[in-house]
Amino acid sequence: MHSLIRKVYKALRVVPLFAVGTITNVSTSNPVAALTFDDGPDPVFTPLLLDVLKKHRTKATFFMVGKAAERHPDIVKEVAVAGHAIGNHSWDHPSFPLITGRERRTQIEACEKAIAPYGQRLFRPPYGDQNLLSRLEASWLGYQVIMYSLTAVDWLDHDAEWMKNQVISRIQNGSIILFHDSLFQYRDNRYVDRGPMLNALDMLLTEVSGRFIFVTIPELISQGRPQRAYWIKTTDINILNDRSGPYGEPRRYSKAQ
Ligand SMILES: [Zn+2]
């Protein structure tokens, strides 16, 4: 089995990154970067986030979960009307390597319907989990896969100052930065509050004002050369199974899958 994995890996190295790579950032000499917000829309926090972005005249990209978008179509529309980009983050946030190909396609298509007519063909896999097949399937469905080069680690209970520093110490031209305007699933209820993330973002935008311009993912890509990586990752099943969420009991994975 291990030699097979090695062979597949070797074969991968000669397949152009363009075909199987995943966009993590953009190479550009312009002082631009992209803020991305996953797991929404959230009835409480997404409108507050829109206020912060408006205050700083900033555009962002929202990777929405279909099930949440279906429940809050008014917020989906509000995000689009404000000039932000909307991408696909699956129907109900499963780890793609742990479900079947058929289910993966259903997940992407169901989310696509929920965010229509505003969604763009941008896909971010839940948990950042991906295998080669799920990566290829996204292409076959006409999607670009967008990961990130920088995160604020805002799914735990870090304070705003810490999160702001995470980003500010590492931001570069072309960075794609991951935040969450909602947590579709979480390990602890106290992580749900997006207040610290919103404060971190407000501080960040104040501090980098004039140094960086934040644009949507399509705009960022148009200003440089997308950088791609072999992004293959699956979150530990025990970690995934130890979660709760506001949309009922989350999926439980078994080792057999
Ligand atoms: Zn997510």
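Look up: the structure comes first, before these words.
Thresholds, definitions, all that
- Residues numbered from 1 in each chain as written.
- Predicted model: local features only at pLDDT ≥ 70, side-chain atom pairs only at ≥ 80, totals over all residues.
- Heavy atoms only, no water.
- Donors = N, O, S within 2.8 Å, 3.2 Å for Na, K, Ca; no water.
- Buried < 20%, exposed > 50% of the residue type's maximum accessible area, 1.4 Å probe, protein only.
- Helix = DSSP H or I, 4+ residues; strand = E, 2+ residues; numbered from the N terminus.
- Polar contact = N/O pair within 3.5 Å; in protein donor to acceptor, adjacent residues only side chain to side chain.
- Contact = heavy atoms within 4.5 Å.
- Core = buried A, V, L, I, M, F, W, Y, C linked by side-chain atoms within 4.5 Å.
- Pairing = 2+ DSSP bridges.
- Phe/Tyr/Trp six-rings, centres within 6.5 Å; stacked < 30°, edge-to-face > 60°.
- Salt bridge = Lys/Arg side-chain N within 4 Å of Asp/Glu carboxyl O.
- Expected span 1.5 Å × (residues − 1).
- Arc of directions from axis to C-beta.

### Some remarks on the coordination of the zinc ion
- Every protein donor of the zinc ion is accounted for by Asp39 (OD), His89 (NE2) and His93 (NE2), and the metal-donor separations fall at 2.1 Å.
- In terms of primary sequence, the donors binding the zinc ion are separated according to D-x49-H-x3-H.
- According to the relative accessible area criterion, His93 is buried, its value standing at 5%.

### Things to note about the side chain of Thr151
- Structurally, the position occupied by Thr151 is in strand β7 (residues 150–151).
- Given the relative accessible area of 16%, Thr151 is considered buried.
- For Thr151, the side chain forms a polar contact with the main-chain nitrogen of Val153, separated by 3.1 Å.
- Apart from the residues lying within four places of it in its own chain, the contact partners of Thr151 are Gln166 and Leu178.

### Describing the nonpolar core
- Leu35, Phe37, Leu53, Phe62, Phe179, Leu201 and Phe214 are the most contacted members of the largest nonpolar core, which has 37 residues in total.
- Counting residues per element, the ones that place at least two in this core are β2 (32–38), α3 (45–55), β3 (61–64), α5 (73–81), α6 (101–115), α8 (160–168), β8 (176–180) and α9 (195–207).
- Counting residues per element, this core draws most heavily on α9, which supplies six residues.
- Listed in part, the 16 residues of the second largest apolar core include Ala34, Phe63, Ile176 and Ile217.

### Some remarks on the pairing of strand β4 (residues 85–88)
- Both faces of β4 are covered, namely the face carrying Ala85 and Gly87 and the face carrying Ile86 and Asn88.
- Across four bridges, the pairing between β3 and β4 is parallel. If you follow Thr61 over to β4, its bridge partner there is Ala85.
- The pairing of β4 with strand β5 (residues 119–123) spans two bridges and is parallel. Across the sheet, the residue bridging to Asn88 is Phe123, located in β5.

### Comments concerning the packing of aromatic side chains
- Throughout the structure, instances matching the rule amount to six aromatic pairs.
- A ring pair is formed by Phe37 and Phe62, whose centres lie 5.6 Å apart and whose planes are at 35°; its orientation type is tilted. Within this pair, whereas Phe37 is found in strand β2, its partner Phe62 is found in strand β3, the two being separated by 25 residues in sequence.
- For Phe62, a relative accessible area of 1% translates into the label buried.
- Ring geometry for Phe123 versus Tyr143: centroids 6.5 Å apart, planes at 80°, classification edge-to-face. Placement of Phe123 in strand β5 and of Tyr143 in the loop between α7 (132–140) and β6 (144–145) is noted, with a sequence separation of 20 residues between them. Here Phe123 and Tyr143 have matching classes, each one buried.
- Here the aromatic cluster, defined as three or more aromatic residues joined through ring pairs, consists of Phe37, Phe62 and Phe179.

### Re the pattern of salt bridges
- Evaluation of the coordinates by the stated rule reveals 13 salt bridges.
- Of the charged contacts, one joins Lys164 and Glu207 as a salt bridge, the two residues approaching to 2.9 Å between their closest N and O atoms. Separated by 43 residues along the polypeptide, Lys164 in helix α8 and Glu207 in helix α9 bring together distant segments of the chain.
- Ionic contacts of the salt-bridge type, sharing partners, join the residues Asp92, Glu103 and Arg251 into one network.

### Remarks on α6
- With 15 residues, α6 should cover 21 Å at 1.5 Å per step; its first-to-last C-alpha distance of 22 Å lies within 8% of that length.
- Listed as buried for α6 are Gly101, Arg104, Gln107, Ile108, Cys111, Ala114 and Ile115. Summarising the axial view, the buried residues of α6 lie within an arc of 160°, below the 170-degree limit, and thus occupy one face. In this structure, α6 carries Arg102 and Lys113 as exposed residues pointing more than 90 degrees from its buried face.
- Contacts made by the buried residues of α6 are with β3, α4 (66–71), α5, β4, β5 and α7.

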